[in-house]
Amino acid sequence: MPGLRVLPRPSACPCGSFASLDTCCGLYLSGQANAPTAEALMRSRYTAFALANEPYLLATWHASTRPPALHLASGGATKWIGLEVKRAQTTGSDTATVEFVARSKTGGRAQRLHEVSRFVREDGRWFYLNGDMPFS
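Just so you know, the residues in each chain are numbered from 1, in the order the chain's sequence is written. In keeping with the predicted nature of the model, local features appear solely for residues at pLDDT of at least 70, side-chain atom pairs appear and are counted solely at 80 or more, and the whole-chain, interface and lining totals rest on all residues. Based on all heavy atoms of the structure, the side-chain values leave hydrogens and waters out of the count.

Novice: Can you help me understand the pairing of strand 4 (residues 125-132) in this one?
Specialist: Successive side chains on a regular strand alternate, one facing one side of the sheet and the next facing the other. At least two bridges found by DSSP between two strands is the condition for calling them paired. Only DSSP runs of H or I covering at least 4 residues are called helices, and only runs of E covering at least 2 are called strands; the numbering of each starts at the N terminus. Relative to strand 4, strand 3 (residues 109-122) runs antiparallel, the two being bridged by 7 bridges. Note on strand 4: the bridge partner recorded for valine 116 is aspartate 132. What sits between strand 3 and strand 4 in their antiparallel hairpin is a turn of 2 residues, with aspartate 123 showing a positive phi close to 50 degrees.

Novice: Could you clarify how one ought to interpret the pattern of salt bridges in this entry?
Specialist: Any two side chains of opposite charge can pair if their charged atoms end up close together. Here a salt bridge means any side-chain nitrogen of Lys or Arg lying within 4 Å of a carboxyl oxygen belonging to Asp or Glu. Tallying each qualifying case throughout the model produces 5 salt bridges. Between arginine 43 and glutamate 39 there is a salt bridge whose closest N-O contact spans 3.1 Å. In this pair, arginine 43 and glutamate 39 are both assigned in helix 2 (residues 38-50), 4 residues apart and thus about one turn of the helix distant. In this structure, lysine 86 and glutamate 84 form a salt bridge, with 3.4 Å as the shortest nitrogen-oxygen distance.

Novice: What is the right way to read the sheet that holds strand 1 (residues 78-92) from this model?
Specialist: Whenever strands of a sheet pair, they do so through backbone hydrogen bonds, lying parallel or antiparallel. Here 4 strands make up an open sheet; going across it, the order is 1-2-3-4 and the pairing antiparallel. A strand with exactly one partner marks an edge of an open sheet, and here the two such strands are strand 1 and strand 4. On average, each strand axis in the sheet is inclined to that of its neighbour by 30 degrees, with strand direction left out of account. Bridge analysis of strand 1 against strand 2 (residues 95-106) gives 12 bridges, and the strand direction is antiparallel. Within strand 2, the residue paired with leucine 83 across the bridge is alanine 102. Under this scheme, a helix contributes an axis fitted over its contacting stretch, all axes are lines through C-alpha atoms, and angles between N-to-C directions fall in the 0 to 180 degree range.

Novice: In this structure, what is going on with the side chain of arginine 45? I would like to understand it.
Specialist: When you line up the elements, arginine 45 lands in helix 2. A simple rule labels every residue: compare its accessible area, found with a 1.4 Å probe on the protein chains alone, to the largest value its type can have, and call it buried under 20%, exposed over 50%, or partly exposed in between. In summary, the charge assignment counts Lys and Arg as positive and Asp and Glu as negative, without counting His or the chain termini. In this structure, arginine 45 is buried with no salt-bridge partner, the nearest side chain bearing the opposite charge being glutamate 115 at 7.4 Å. For the purposes of these results, a polar contact is taken to be a pair of N or O atoms within 3.5 Å, where, inside protein, one atom must be able to donate a hydrogen and its partner to accept one; residues adjacent in sequence count only when each atom of the pair is a side-chain atom. From its side chain, arginine 45 meets the backbone oxygen of leucine 57 in a polar contact 2.8 Å long. A distance of 2.8 Å separates the side chain of arginine 45 from the side chain of threonine 60, its partner in a polar contact.

Novice: Could you clarify how one ought to interpret the packing of aromatic side chains in this entry?
Specialist: A ring pair, where both rings are aromatic, is described by two values, the distance of the centres and the angle of the planes. Pairing of aromatic rings covers Phe, Tyr and the six-membered ring of Trp, with a centre-to-centre limit of 6.5 Å; geometry is then stacked below 30 degrees between planes, edge-to-face above 60, and tilted otherwise. Applying the stated criterion across every chain, the model contains 4 aromatic pairs. Centroid distance tyrosine 46 to tryptophan 80: 5.8 Å. Interplanar angle 80 degrees. Geometry classified as edge-to-face. Within this pair, whereas tyrosine 46 is found in helix 2, its partner tryptophan 80 is found in strand 1, the two being separated by 34 residues in sequence. Note on tyrosine 46: relative accessible area 5%, which makes it buried. Centre to centre, the rings of phenylalanine 119 and tyrosine 128 are 5.8 Å apart; their planes meet at 70 degrees, and the pair counts as edge-to-face.

By themselves, these figures tell us nothing about what the structure is for.
Encoded structure:
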C-alpha cells in the first residue's frame, strides 16, 4: 500500500515484562538508571544472563559474595527462555528476597533454576547477595 510504512517492533525485554528492552531492563543495563527494587534488579540480572552481559552481573553482585569472573562467553550455548517471579518480599528497610524460576536450554537440554535470592541495598542501590535453591 503506498504511503504505509511498517515500523520495526522494539525487541521485548527478556525478563518477561512485555515492555521493550529499551524501556525496561535496558535502562539499568546501560547505566541510565539504577533498579528501584530488588525485583527490578533480579529481572535485570536475568536479562543480563540472557544477553551474556557479565560486567553488569558483576557490578550488581555484592562485593562480599561476588566471584572474580563468570566466564559467560566461554560457558557455551546457554539460551535463557523464560522467567517467572513467584514472590518478591521486603524483609527489612534495606533487604529483600525474590523467589523465581528461570528456564534455560544448554546443548538442547532444558533446565530449570528455582531460587530464593537475597538482596541488600547500600547507598540507595540494590545488590544481589546470594541465593538458596531449596526447590531443585
